[in-house]
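Next come the chains, spelled out residue by residue.
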Amino acid sequence: MHVYTYCPVCGSPLTTAEIENRTRKRCPSCQWIHYENPLPVAIAYTVNDHNELLVVRRAHQPGYNEWALPGGFIEAGETPEEGCLRELLEETSLTGTIDNLVGAYHRHTDLYGSLLVIAYKVVITSNTLRINHELFEADFYPLEEIPTINIPLHKQIIQEAQSHEHLRSLR
């Protein structure tokens, strides 16, 4: 998140004010208001035809060297679903289809600030797994054998996706 000191419209120094029940930066000259909106992120809870889960070991921050689910920032002009599938393809060369929404979450990180994270269950349609520079390794694992996931949100997504599957099987 870009931190503004000066107004990007007119260049005047910004002040703070209580606006819409929040402290916000604003320009006293042109009245521009800095709304600090979250960055959109998409996460792929990805399974293959054996219902094994794809987990990746990250080669960059955040979560350097941690096991995680693939994902990344949604780009301008993309739907969350498109961003999710693009990130999966970029990181792993896998293609897939969105099966369902797992959930939407808000997180705050030191590196990026406020994030809006949208997680989808993705079923792969190709089996050729090739990782890019963002990962050290990646593979599909039976749920009971996945490596330890230490990132709290990714653990939550896995638990909620499994809960959704359990509820679907009861119908």
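Residues numbered from 1 in each chain as written. Predicted model: local features only at pLDDT ≥ 70, side-chain atom pairs only at ≥ 80, totals over all residues. Heavy atoms only, no water.

Secondary structure assignment for the protein yields 2 helices and 10 strands. Tracing the protein from N to C terminus, the helices and strands come up as β-β-β-β-β-β-β-α-β-β-β-α. For the C-alpha atoms alone, the extent of the protein along its principal axes is close to 60 × 40 × 30 Å. Buried residues in the protein amount to 40% of all 171 residues. Carbon together with sulfur atoms contributes 51% to the accessible area of the protein, which is approximately 9700 Å² in total. Treating the 13 positive side-chain charges of the protein as one cloud and the 22 negative ones as another, the clouds have centres 7 Å apart. (Helix = DSSP H or I, 4+ residues; strand = E, 2+ residues; numbered from the N terminus. Buried < 20%, exposed > 50% of the residue type's maximum accessible area, 1.4 Å probe, protein only. Areas by Shrake-Rupley, 256 points an atom, 1.4 Å probe, with all protein chains shown as cover. Lys, Arg positive; Asp, Glu negative; His and termini not counted. Charge placed at Lys NZ, Arg CZ, Asp CG, Glu CD.)

A separate point is the packing of aromatic side chains. Each aromatic ring pair is summarised here by two numbers: the centre-to-centre distance and the angle between the ring planes. Under the defined criterion, the tally for this structure stands at 4 aromatic pairs. When the centroid spacing of 6.2 Å and the interplanar angle of 90° are considered together, the rings of Trp-67 and Tyr-141 count as edge-to-face. Within this pair, whereas Trp-67 is found in strand β6 (residues 67-68), its partner Tyr-141 is found in strand β10 (residues 135-141), the two being separated by 74 residues in sequence. Here Trp-67 and Tyr-141 have matching classes, each one buried. A ring pair is formed by Phe-73 and Tyr-112, whose centres lie 4.8 Å apart and whose planes are at 75°; its orientation type is edge-to-face. Taken together, the positions of Phe-73 in strand β7 (residues 71-73) and Tyr-112 in the loop between β8 (96-109) and β9 (113-124) put the pair 39 residues apart, joining distant regions of the chain. A relative accessible area of 29% places Phe-73 in the partly exposed class. Relative accessible area serves as the criterion here: at 27%, Tyr-112 is assigned to the partly exposed category. (Phe/Tyr/Trp six-rings, centres within 6.5 Å; stacked < 30°, edge-to-face > 60°.)

Here the focus is the nonpolar core. Ranked by internal contacts, the top residues of the largest apolar core, which has 20 residues, are Tyr-45, Leu-53, Val-55 and Ile-157. For this core, the elements supplying multiple residues, two or more each, are β4 (39-47), β5 (53-58), β8, β9 and α2 (152-170). With 15 residues, the next largest nonpolar core counts Ala-42, Leu-94, Ile-118 and Leu-135 among its residues. (Core = buried A, V, L, I, M, F, W, Y, C linked by side-chain atoms within 4.5 Å.)

Moving on, we come to the side chain of Glu-87. Following the sequence through the fold, Glu-87 ends up in helix α1 (residues 80-92). We classify Glu-87 as buried; its relative accessible area is 7%. Aside from chain neighbours lying at most four places away, what touches Glu-87 is Gly-71, Gly-72 and Phe-73. (Contact = heavy atoms within 4.5 Å.)

Moving on, we get to the sheet that holds strand β3 (residues 33-34). Whether parallel or antiparallel, the strands of a sheet pair through hydrogen bonds between backbone atoms. Ordered in space as β1-β2-β3, the 3 strands form an open sheet in which the pairing is antiparallel. Of all the strands in the sheet, the pair left with one neighbour each is β1 (15-19) and β3. (Pairing = 2+ DSSP bridges.)

Glancing now at the environment of Pro-80. Of note, Pro-80 is situated in helix α1. Since its relative accessible area comes to 26%, Pro-80 is described here as partly exposed. In this structure the C-alpha to C-alpha distance between Pro-80 and Ile-43, which are 37 residues apart in sequence, comes to 9.3 Å. Discounting chain neighbours no more than four positions away, the residues touching Pro-80 are Ala-42, Ile-74, Ile-118 and Tyr-120.

Pairing geometry for β8 and β9, over 12 bridges, is antiparallel. Along β9, the bridge assignment pairs Tyr-105 with Val-117. Taking the residues that link successive antiparallel strands as the turn, the β8-β9 hairpin has 3 residues.

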